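Residue strings, one per chain:
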Amino acid sequence: MNMPLNTSANTSDPVAQARYNMIEQQIRPWNVLDADVLDLLAVARREEFVPPAYRSLAFMDIEVPLLGSDAEDAVRLGHSMLQPRVEARILQDLAIKPTDRVLEIGSGSGYMTALLAARAQQVVSIEIVPELAEMARENLLSAGVQNAEVRLADGANGTTDGPFDVIVLSGSVAEVPAALFAQLRDGGRLGAIVGSEPVMRFTLTRRTGERFETTSPWDTIAPRLVGFPEPSGFTF
């Protein structure tokens, strides 16, 4: 993945053209201007992390289904990839450093895992759905990613081998469990899409000692991560 950015469209290669259009028409206009992130997106082969049945959707501004024959059900159940612009903005806002140890909740197809691994020292990715965990492992192996590990587990409580410099939730939750904040290293960042439709916000929490400061720089809508609690619908 550490190849130089091709700054112009390759009209002789339709895949390269589609990737270029994704960056220029979806990602860059969404305030993703970090040159390192854009360079990475230009060489990361997103299409190879998409199931063959949906490969034509790899560069579109939609959530790409990952499991099953019913695309709407796949997205509803959280078995889908985030929109490219959302992935890119999360990656930019987390400001990952080469020395960072990253925990990802929700491996999906492994694409976001691969992007994280390209910038970090190590990535531990947790996936609760067996079929997705296996898909992510196979895709990462095919892509030659060696510094990422996919674990089959419920990620709502994180893992036992923290702390981490960065924690990222690759999907939305009603709220971030306290157990995940506890696994942030001093100076660490946690990124998550929080809320319920029609209002969800990307929240970025930074830990300084025992203080946690949270900002919500942008709004979006994203499928739910599996296994996280939902608030009760009852009011008193």
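Since the structure is predicted, the reported quantities are computational estimates derived from the model, not experimental observations.

Draft legend 1. Structural detail: the overall build of the chain. From N to C terminus, the chain includes seven helices and seven strands. Listing every helix and strand of the chain by position from the N terminus yields α-α-α-α-β-α-β-α-β-β-α-β-β-β. Intrachain contacts of the chain at a sequence separation of at least 6 include 54% that bridge at least 24 residues. For the chain, the accessible surface area stands at approximately 11,200 Å², while carbon and sulfur atoms represent 52% of it.

Draft legend 2. Inspection of the side chain of Glu-87 at higher detail. Position of Glu-87 among the secondary structure elements: in helix H4 (residues 84-94). Here Glu-87 falls in the buried class, since its relative accessible area comes to 4%. Every residue in contact with Glu-87, bar those within four places of it in the chain, is listed here: Arg-46, Met-81, Leu-82, Tyr-111 and Met-112.

Draft legend 3. Examining the pattern of salt bridges more closely. Under the counting rule described, the total for this entry stands at 17 salt bridges. Notably, a salt bridge pairs Arg-151 with Glu-149, separated by 3.0 Å at the nearest N-O pair. A salt bridge links Asp-161 to Arg-151, with the nearest nitrogen and oxygen atoms 2.7 Å apart. Linking Asp-161 in the loop between strand E3 (148-152) and strand E4 (164-173) with Arg-151 in strand E3, this pair joins segments that are ten residues apart in sequence. The class of Asp-161 is partly exposed, set by a relative accessible area of 25%. For Arg-151, a relative accessible area of 21% corresponds to the partly exposed category.

Draft legend 4. Up close: the environment of Glu-104. Structurally, the position occupied by Glu-104 is in strand E1 (residues 101-105). On the basis of relative accessibility, which here comes to 0%, the residue Glu-104 falls in the buried class. Expressed as a C-alpha distance, the spacing of Glu-104 and Ser-170, which sit 66 residues apart in the sequence, is 7.0 Å. A distance of 2.6 Å separates polar atoms of two side chains, one belonging to Glu-104 and the other to Thr-113. Within the structure, Glu-104 has its side chain in polar contact with the side chain of Ser-125 (distance 2.7 Å).

About the thresholds
Residues numbered from 1 in each chain as written. Predicted model: local features only at pLDDT ≥ 70, side-chain atom pairs only at ≥ 80, totals over all residues. Heavy atoms only, no water. Helix = DSSP H or I, 4+ residues; strand = E, 2+ residues; numbered from the N terminus. Contact = heavy atoms within 4.5 Å. Areas by Shrake-Rupley, 256 points an atom, 1.4 Å probe, with all protein chains shown as cover. Buried < 20%, exposed > 50% of the residue type's maximum accessible area, 1.4 Å probe, protein only. Salt bridge = Lys/Arg side-chain N within 4 Å of Asp/Glu carboxyl O. Polar contact = N/O pair within 3.5 Å; in protein donor to acceptor, adjacent residues only side chain to side chain.

Geometric values such as these leave the question of function open.
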